[in-house]
Amino acid sequence: MSAVLKTPDTQPELSTEEIQRLDSAHFLHPFTDFKALAAKGSRVMKRAEGVYVWDSEGLKIFDAMSGLWCVNVGYGRKELADAASAQMMELPYYNAFFQTTNVPAVKLAHKLSQLATPIGDRRFDHVFFSSSGSESNDSNLRMVRRYWDLQGQRQRKTVISRKNAYHGSTVAGASLGGMIGMHEQGDLPIPGIVHIDQPYYFENAHSGESEEAFGVRAAGWLEAKILELGADKVAAFIAEPVQGAGGVIIPPTTYWPEIQRIVDKYGILLISDEVICAFGRLGHWFGYQKFGYKPDLITFAKAVTSGYVPLGGVMVGNRVAEVLIEKGGEFNHGYTYSGHPVACAVALANLEVMEKENLVLKVRDSLAPYLAQHFGALVDHPLVGIAETCGLVAGLVLVQDKATKKPFDPDLSVGMICRKHCFANGLIMRAVGDRMIISPPLVCSLAQLDELMGLIRQCLDLTWAELKQLGHV
Ligand code: PXG
């Protein structure tokens, strides 16, 4: 028997099957094989509380991905709903184009500039608002190129990024990103964007190479690319502190210091894409604060509102801001929703919750060390080749042979088999190839992390049993 959904009084009640039918008839989902999903039917997410979501059939699921890396304060926070409601009644919308502003946007810009503490000679006094991470990276590309034009170096156009990076899904975002599948479908990247290899020790290190040596070597790929292009042609380097969508790729400790040395040496701008890593995810307000490097531009989105409403933006460091402000005249770029009052009011309420509940330090001092210990211990499982964490993100690799770390045949889609067992047993854990990743809400308790580790082990066991039955292990 299918569950029956209650909908507002004006609409008839819809069964799960009816919603699925309407879904496949009308809703083209992001990053989805439309035909395959229509044949299978979507899972209908119905409600959520804390770290759990429930589907329309009543299955309770531990959301170890915080929605899509965003619901940092957890589900069901009345403070955020109240802030949205109050702001909608006060001033639901007004633009910021024609010499007007609004109170939540001003307060949020001020608040963010306080949280993005100065580092070295960099200060982050200014914010440019958008509604998503993708838009924010479009804004970055515009600002970087405008900056070099204003500096009289119009030939500095090229942005260097990394393979397997994710910087969004707009034309500029997908071009900046290093996802081959996205490039192939869109004639991307657009000109002036090139990619170097990622600092993924597990896959890219030489045998016997230390993590430290690998980190320096991987950063050296940036210097090699700069020299190949000509340093006077390079505008910026963009990177995530820890690559998220690429599979929680955590760079060796030597990587970022060496990147900093290189961007300083050639005077190129550094863009830190912190759409996933900001707002407590790594135990700091921003990712650059964890690794100690000095970005010129910081992309944010997602957890700035814990995903309750869309908001994104760029923290514009003084090096770029001063030039745009002093020399730039009108900057011909912006969005209808730049500084949206409701989104900004929700962000302020979200940051207030994070401060009141001390979530950033809770991650740094309690959750992250606990996760490192217990997630790291999963490496004793026969399927797990490596299990690593950074703050409250983590990734493990499913391997065919533990001793040699031999991977499975990609055609077996072992990650998807594992993900299937997770979903069926009340756990949302992502598969990126055969790398299984988590990014739980920061409001998670230690007991809930124990519960999460138990669920992961159970799903690894089920995956192992299925692979054994199929004769693959
Ligand atoms: N930069 C980074 C680092 C991101 O993770 C974006 C930019 C784009 O943000 P918007 O708000 O435009 O989606 C992201 C988004 C995944 C997945 O599969 C990750 C993202 C989006 C969709 C899927 O892990 N990150």
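Up top is the structure these notes are about.
On a predicted model such as this, the values are computed, not experimentally measured, just so you know.

### Remarks on the pairing of strand 3 (residues 45-49)
As paired elements, strand 3 and strand 4 (residues 52-55) share four bridges and run antiparallel to each other. Across the sheet, arginine 47 pairs through a bridge with tryptophan 54, a residue of strand 4. The hairpin turn running from strand 3 into strand 4, its antiparallel successor, is two residues long, and glycine 50 in that turn takes a positive phi close to 65 degrees.

### Section: the site of the ligand
For the ligand, the set of nearby residues contains 16 residues, the closest of which are Trp69, Gly133, Ser134, Asp273 and Arg430. Contact distances for the ligand include 3.2 Å between a nitrogen atom and a side-chain N or O atom of lysine 302. Counting residues per element, the ones that place at least two in the shell around the ligand are helix 3 (66-69) and helix 6 (133-150). When residues of the shell around the ligand are assigned to their parent elements, the largest contribution, three residues, is made by helix 6.

### Looking at the packing of aromatic side chains
The final tally for this structure, using the stated rule, is 16 aromatic pairs. Taken together, a centroid distance of 5.8 Å and an interplanar angle of 65 degrees make the contact between tyrosine 201 and phenylalanine 214 edge-to-face. Here tyrosine 201, found in helix 9 (residues 201-204), pairs with phenylalanine 214, found in helix 10 (residues 211-229); they are 13 residues apart in sequence, far enough to count as distant. Their ring planes at 75 degrees and their centres at 5.8 Å tell us that tyrosine 255 and tryptophan 256 sit as a pair that is edge-to-face. Judged by its relative accessible area of 0%, tyrosine 255 is buried. Each member of the aromatic cluster is reached from another via a ring pair, and the members are Phe124, Phe279, Phe286, Tyr288 and Phe300. Just above the ring of tryptophan 54 sits the side chain of arginine 47; from NZ or CZ to the centre is 4.1 Å. If you follow lysine 60 out to its NZ or CZ, it ends over the ring of tyrosine 52, 4.1 Å from the centre.

### Side note on the layout of surface pockets
As a volume, the second largest pocket reaches approximately 600 Å³. Along the walls of the second largest pocket sit 20 residues, with Ala96, Phe97, Val127, Phe128 and Ser338 positioned nearest its centre. Those elements that place two or more of their residues in the lining of the second largest pocket are helix 5 (103-115) and strand 6 (126-130). Its residues assigned to classes, the lining of the second largest pocket comprises ten nonpolar, nine polar and one charged.

### Section: the nonpolar core
Among the nonpolar cores identified, the biggest contains 93 residues, and Phe237, Phe279 and Ile456 are the most heavily contacted of them. Top contributing element to this core by residue count: helix 14 (residues 341-356), with nine residues. Both of domain 1 (43-73 + 359-469) and domain 2 (82-356) provide at least three residues apiece to this core. In contact with phenylalanine 237, other than residues within four places in its own chain, are Ile160, Ser161, Arg162, Ile196, Leu222, Tyr255, Ile259, Val263, Ile268, Leu269, Leu270 and Ile271. Val144, Leu150, Leu297 and Val316 belong to the second largest nonpolar core, which has 24 residues in total.

Rules used throughout
- Residues numbered from 1 in each chain as written.
- Predicted model: local features only at pLDDT ≥ 70, side-chain atom pairs only at ≥ 80, totals over all residues.
- Heavy atoms only, no water.
- Pairing = 2+ DSSP bridges.
- Helix = DSSP H or I, 4+ residues; strand = E, 2+ residues; numbered from the N terminus.
- Near = heavy atom within 4 Å.
- Polar contact = N/O pair within 3.5 Å; in protein donor to acceptor, adjacent residues only side chain to side chain.
- Phe/Tyr/Trp six-rings, centres within 6.5 Å; stacked < 30°, edge-to-face > 60°.
- Buried < 20%, exposed > 50% of the residue type's maximum accessible area, 1.4 Å probe, protein only.
- Lys NZ or Arg CZ within 6 Å of the ring centre and 35° of its normal.
- 1 Å grid on protein atoms, 1.4 Å probe; cavity = no way out; pocket = protein on both sides within 12 Å on 5 of 7 lines; lining within 4 Å.
- Points joined across faces, edges and corners; volume = space filled by probe spheres on them.
- Nonpolar A, V, L, I, M, F, W, Y, C, P; charged D, E, K, R; others polar.
- Core = buried A, V, L, I, M, F, W, Y, C linked by side-chain atoms within 4.5 Å.
- Domains from an automatic or database assignment.
- Contact = heavy atoms within 4.5 Å.

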